[in-house]
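# Structural description and commentary
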Amino acid sequence: MTGPTERKAVVIFGATGFTGEWVVRAAIKKQQQESNFTFAIAGRSIPKLKDVLNRAKKINGLEEFDVEIIQADVKDEESIRKMCQRGTVLINCVGPYRFYGEQIVKACIEANTHYVDISGEPHFLESMQVKYDELAKSRGVYIVSACGFDSIPSELGIAFVKKEFPGDLNSVETYLTILPGPEGAACHYTTWESAVHGVAGAHELGPVRKQLYKTRLPRADHKVDQKNLHFSEEVGGYSIPFPGADRSVARRTEYYEFLEQKKRPVQVVSYFNVGSLVNAAKVMFVGAVFMLFAKFEATRKLLLNYPGFFSAGVFTHEGPTDKQIAGTRFEMKLVGHGYLEKTHSVDEVHSDLPTQTIVAQVTGPEPGYAATSAFVLESAFTILQEVEQPRPKIPRHGVLTPGYAFQNTNIYQRLAPYGIKFEVLARPANSD
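Reference entry: report on the structure contained in this document. Note that this is a predicted model, so its numbers are computed, not measured. (Residues numbered from 1 in each chain as written. Predicted model: local features only at pLDDT ≥ 70, side-chain atom pairs only at ≥ 80, totals over all residues. Heavy atoms only, no water.)

Here the focus is the overall build of the chain. Along its length, the chain carries 17 helices and 16 strands. Computed over its C-alpha atoms, the radius of gyration of the chain comes to 21 Å, within 12% of the 22 Å expected for a compact globule of 432 residues. For the C-alpha atoms alone, the extent of the chain along its principal axes is close to 65 × 55 × 40 Å. Counting all 432 residues of the chain, 53% fall into the buried class. Nonlocal contacts in the chain, meaning residues at least 24 apart in sequence, comprise 82% of its contacts between residues at least 6 apart. Accessible area for the chain stands at about 19600 Å²; split by element, carbon and sulfur atoms hold 52% of it. One way to put it: in the chain the 49 positive side-chain charges average out to a point 3 Å from where the 49 negative ones average out. (Helix = DSSP H or I, 4+ residues; strand = E, 2+ residues; numbered from the N terminus. Rg over C-alpha atoms; globule rule 2.2 N^0.38 Å. Buried < 20%, exposed > 50% of the residue type's maximum accessible area, 1.4 Å probe, protein only. Contact = heavy atoms within 4.5 Å. Areas by Shrake-Rupley, 256 points an atom, 1.4 Å probe, with all protein chains shown as cover. Lys, Arg positive; Asp, Glu negative; His and termini not counted. Charge placed at Lys NZ, Arg CZ, Asp CG, Glu CD.)

Given below as structure tokens:
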């Protein structure tokens, strides 16, 4: 470990990983804009950490930039403990989280260090809620996972729709569209690896949810079922169920908002816009092979050894090029249905169908790395801001979802300089 002994504002763990390096780039820019913002970078290899720092300095046009470098390995408990003691907030970029995440969460709580990550793994996310919520709450620590593209646009987008809708929302459907540039779009192998192990361990999720969801929510006004392949007027193309963590994270947000704040639960369904029927057929074929192969050890090894082949070139060990990242954008449309009239109680059911609609949109740069680095860094910075306030806008300490933690903070304004925008496209008829 090099550097002074006082705590830094943020420690970026996994800085030598593909996403971690993008977070380092964003942190350097932030320190240039916020002089009181300090950070350290951490990982297994000091030489690789120095290489990351040198590349990030060059990209940011800096000749001199000094930052504390911390050597830490998930297999070395003492190094993890010392690393967690070095920051006020730790950004964990080391996945798959089902293998490497829990020890970092535990060490952060023991060190009274707040924690954010970019996990999109439902089993890890929900297990941490069950295991560590009460401990983190008692220690005054914020643990907020899913602060990357899984699931900040969905979580903050749903919270945004709730604020803009004047009555009782019944449901929100999210439609994600990836807009690649001329160079195309790609993802790094680590995301693929996490998804493979997530499907392989899907059977472990049921017992966790039995422990997590002990209270029955009020009956929905009108149940909204997830549609399979369908044409969506809102996005002008065919959509399929989104395979990411957004829906499971939203379910947890709705559950705790009802349980702790007595808010009316909203049904959330997530979709991925694939455009044409031809694209839909390709994606569904790749998805079917993936789901089948991930369930068995022998075929799972094939998925892990040949990600490019089984993903039609989307997932590679090299990851996307800077040109691909620069040319890609995302768009998420959120379609809410509900009622202008509010009931007197969250247990009261509307007898008629929801006839009022609101359409909102979240847009931003390339989602996997450019937007994710902004999301997770500003999530950490939001916590830094809130811990200094006499009355924080984060409802409580403990293990929280991004929507539950950040909906009343200024994170929306902080994301705007990165080109991330939240807007209403269409409001309910007859609303003021």
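With that settled, the discussion passes to the packing of helix α6 (residues 122–139) against helix α10 (residues 246–261). Packed helix pairs are characterised by how far apart their axes lie and by the angle those axes make with each other. The interhelical angle for the contact between α6 and α10, taken along N-to-C directions, is 25 degrees, at an axis separation of 10 Å. Classed by the angle they form, the pair α6 and α10 counts as roughly parallel. The residues of α10 that touch α6, namely those facing Pro 122, Leu 125, Glu 126 and Gln 129, are Ser 248, Val 249, Arg 252 and Tyr 256. Partitioned by chemical class, the residues of the contact of α6 with α10 number four nonpolar, two polar and two charged. (Axes fitted to C-alpha atoms, helices over the stretch in contact; angles between N-to-C directions. Parallel < 35°, antiparallel > 145°, perpendicular 65-115°, else oblique. Nonpolar A, V, L, I, M, F, W, Y, C, P; charged D, E, K, R; others polar.)

Inspection of the secondary structure assignment puts Gln 361 in strand β14 (residues 356–365). When its relative accessible area of 9% is taken as the criterion, Gln 361 is described as buried. Beyond its immediate chain neighbours, meaning those up to four positions away, Gln 361 contacts Glu 331, Met 332, Lys 333, Leu 334, Lys 421, Phe 422, Glu 423 and Leu 425.

By the secondary structure assignment, Asp 246 is in helix α10. Comment: no salt bridge for buried Asp 246; closest opposite-charge side chain is Arg 252, at 10 Å. In this structure Asp 246 touches Phe 149, Asp 150, Ser 151, Ser 154, Ser 270 and Met 332, once residues within four positions along its chain are discounted. (Salt bridge = Lys/Arg side-chain N within 4 Å of Asp/Glu carboxyl O.)

On to the pairing of strand β2 (residues 39–43), then. Of all the five residues making up β2, five are buried; the element is thus mostly covered by neighbouring parts of the structure. Residue alternation in β2 divides its side chains into two sets, Phe 39, Ile 41 and Gly 43 and Ala 40 and Ala 42, and both sets are buried. Here strand β1 (residues 8–13) pairs with β2 via four bridges, running parallel. Looking at the pairing, Ile 12 lines up with Ile 41 of β2. On the question of chirality, the crossover connecting β1 to the parallel β2 by way of helix α1 (residues 18–33) is right-handed. Pairing of β2 with strand β3 (residues 68–71), which is carried by four bridges, proceeds in the parallel orientation. Among the inter-strand pairings, Gly 43 is bridged to a residue of β3, identified as Gln 71. Taken together, β2, helix α2 (residues 46–59) and β3 constitute a β-α-β crossover, and its handedness is right-handed. (Pairing = 2+ DSSP bridges. Right-handed = clockwise from strand over helix to strand, strands pointing away.)

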